[in-house]
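Now for the letters of each chain:
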Amino acid sequence: MTSATSTAARPRHSAYTRRRGRAGLAFVTPFMIIYTLFMIVPVLFAVYDSLYTTRLIGGTSFSGFANYATVLGSGPFWGGVVRVIIFGAIQIPVMLAIAFFFSSVFDLGLTKFGRVFRAIYFIPFAVPIVVSSLMWGFLFDPGYGPFNHVMDALGFSNFNWLSPALVLPAIIIIAVWEWTGYNSIILYTALKSVPRDVVEAAILDDTPLWRIVLRIKLPMVRPAIIMLIFINAIGATQLFIEPTILNNYQAGVITNTWTPVMDIYSTSIQSGEYQLGAAMAVVLAVIVVAISVASLAFRRNQRELA
């Protein structure tokens, strides 16, 4: 009796369920193959390559964790890490604040031709990063850039946006211009999911508009904001194109180790120390994975993930 009951209690997979499982596997398999070939395999090869060292005399030999010891003791590498942390700590809050402001304006319908303006604000994201960096490089150019002339007209003599003290704020301005449109579209989509009856009830209670935005809408899109914080934090660790392009306008201000990715590129490509560059890439990958795991753990703790 017990055996018959347990057999009957076991869920039976219908033919439809099996077919659906096979169809899902067929759709996922091409992605998994591409992901393995172009993501997993290169990462594993980088780990393997980082365990060796190539010398002029003696060729390539196994060196264990010697390359990692060099990376962990490298002041320029960790100086670049600190620099991108500072970059992200300033750029991300400023960008998200501007993105939330514009997305709130669009969501509340305070402007006419909202679709046109949303498209205009999204255009900078569609511009290739190299092109936008070149454009802003001309604007910040020490000799002919209009921004420096504007600052001179305001009383700041010999102002140079690409000086050692101001090149980081200049790159932050470029990054904010590039990515605000992308983040505002995501926040606008999140705001559209806020229940309309909650907003209408607040309007009937004569709640000020700023209070509706900050006390009702902002808390409800908090999961999207947290997700964007971590996504942009990962992007900040990969800062490379903007400082590389700006270095052509003010040589010597931005060094080859200014960011971790620039240090990896300089070590691997320019210096030919591929194994040491692989070790740097692995260390940077561990930092990115740590940020991703922290994001998942934080969001799960906040019950944003099932």
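Just above, that's the structure.
Quick notes on the rules
- Residues numbered from 1 in each chain as written.
- Predicted model: local features only at pLDDT ≥ 70, side-chain atom pairs only at ≥ 80, totals over all residues.
- Heavy atoms only, no water.
- Helix = DSSP H or I, 4+ residues; strand = E, 2+ residues; numbered from the N terminus.
- Rg over C-alpha atoms; globule rule 2.2 N^0.38 Å.
- Buried < 20%, exposed > 50% of the residue type's maximum accessible area, 1.4 Å probe, protein only.
- Areas by Shrake-Rupley, 256 points an atom, 1.4 Å probe, with all protein chains shown as cover.
- Lys, Arg positive; Asp, Glu negative; His and termini not counted.
- Charge placed at Lys NZ, Arg CZ, Asp CG, Glu CD.
- Axes fitted to C-alpha atoms, helices over the stretch in contact; angles between N-to-C directions.
- Parallel < 35°, antiparallel > 145°, perpendicular 65-115°, else oblique.
- Left-handed = near helix turned anticlockwise from the far one by under 90°.
- Expected span 1.5 Å × (residues − 1).
- Bend = angle between axes of the 7 residues up to and from the residue.
- Patch = residues over 30% accessible without salt bridge, like charges linked within 9 Å, V, L, I, M, F, W, Y side chains within 5 Å.
- Salt bridge = Lys/Arg side-chain N within 4 Å of Asp/Glu carboxyl O.
- Contact = heavy atoms within 4.5 Å.
- Nonpolar A, V, L, I, M, F, W, Y, C, P; charged D, E, K, R; others polar.
- 1 Å grid on protein atoms, 1.4 Å probe; cavity = no way out; pocket = protein on both sides within 12 Å on 5 of 7 lines; lining within 4 Å.
- Points joined across faces, edges and corners; volume = space filled by probe spheres on them.

Participant: How would you explain the overall build of the chain if you had to name every residue and give the values?
Facilitator: A count of helices and strands for the chain gives 14 helices and two strands. For the chain, the C-alpha radius of gyration of 26 Å lies well beyond 19 Å, the compact-globule estimate for 306 residues. Its C-alpha atoms give the chain principal-axis dimensions of roughly 85 × 70 × 30 Å. Residue burial in the chain is summarised as follows: out of 306 residues, 35% are buried. Accessible area of the chain: about 18500 Å², with a carbon and sulfur share of 70%. Separation between the mean location of the 20 positive side-chain charges and that of the 13 negative ones in the chain comes to 19 Å.

Participant: Run through the packing of helix H4 (residues 75-108) against helix H8 (residues 167-192), naming residues and quoting values.
Facilitator: Running from N to C, H4 and H8 cross one another at 40°; their axes reach a closest spacing of 6 Å. When the interaxial angle is binned, H4 and H8 end up oblique. Judged by the twist between their axes, the crossing of H4 over H8 is right-handed.

Participant: Run through H8, naming residues and quoting values.
Facilitator: Given a rise of 1.5 Å per residue, 26 residues ought to cover 38 Å, and the 37 Å separating the end C-alpha atoms of H8 matches this to within 8%. Roughly 40° is the biggest bend found in H8, and it falls at Trp179.

Participant: Go over a nonpolar patch on the surface with me, naming the residues and quoting the values.
Facilitator: A contiguous nonpolar patch, built from Phe27, Val28, Phe31, Met32, Tyr35, Met39, Ile40, Val43, Leu44 and Val47 and spanning about 950 Å² of accessible area, is present on the exposed surface. Turning to its location among the elements, Met32 is positioned in helix H2 (residues 15-49).

Participant: Please give an account of the packing of helix H5 (residues 114-126) against H8 that cites residues and values.
Facilitator: For the pair H5 and H8, the least separation of the axes is 6 Å and the interaxial angle reads 130°. Classified by the angle their axes make, H5 and H8 are oblique. In the crossing of H5 with H8, the sense of the turn from one axis to the other is left-handed. Contact residues: H5 offers Arg118, Tyr121, Phe122, Pro124 and Phe125, while H8 offers Trp177, Glu178, Trp179, Gly181, Tyr182, Ile185 and Tyr188. Counted by class, the contact of H5 with H8 contains nine nonpolar, one polar and two charged residues.

Participant: Can you break down the layout of surface pockets residue by residue, with the values?
Facilitator: Computed from the structure, the largest pocket encloses a volume of approximately 360 Å³. In this structure, the largest pocket is lined by 17 residues; those nearest its centre are Ile129, Trp179, Gly235, Ala236 and Glu242. At the level of elements, H4, H8, helix H11 (222-237) and helix H12 (241-246) are the ones that each hand at least two residues to the lining of the largest pocket. Class assignment for the residues of the lining of the largest pocket results in 11 nonpolar, four polar and two charged.

Participant: I'd love a proper account of H5, names of residues and values included.
Facilitator: Taking 1.5 Å per residue as the helical rise, H5 with its 13 residues ought to reach 18 Å, and the 19 Å between its terminal C-alpha atoms agrees with that figure. Within H5, the full set of buried residues consists of Gly114, Arg118 and Pro124.

Participant: Lay out the pattern of salt bridges with the relevant residues and their values.
Facilitator: Inspection of every chain in the model, using the stated rule, returns two salt bridges. For Asp107, the salt bridge is made with Lys192, and the minimal N-O distance between the two is 3.9 Å. Taken together, the positions of Asp107 in helix H4 and Lys192 in helix H8 put the pair 85 residues apart, joining distant regions of the chain. Overall, the relative accessible area of 5% leaves Asp107 in the buried class. Accessibility expressed as a relative area gives 44% for Lys192, which makes it partly exposed. When the shortest N-O distance is used, the salt bridge between Asp107 and Lys217 registers 2.5 Å. On the criterion of sequence distance, the pair formed by Asp107 in helix H4 and Lys217 in helix H10 (residues 209-220) is long-range, its members being 110 residues apart. Residue Lys217 is classed as buried on the basis of its relative accessible area of 0%. Through salt bridges with shared partners, one network takes in Asp107, Lys192 and Lys217.

The quantities given are spatial measurements derived from coordinates; they are silent on function.
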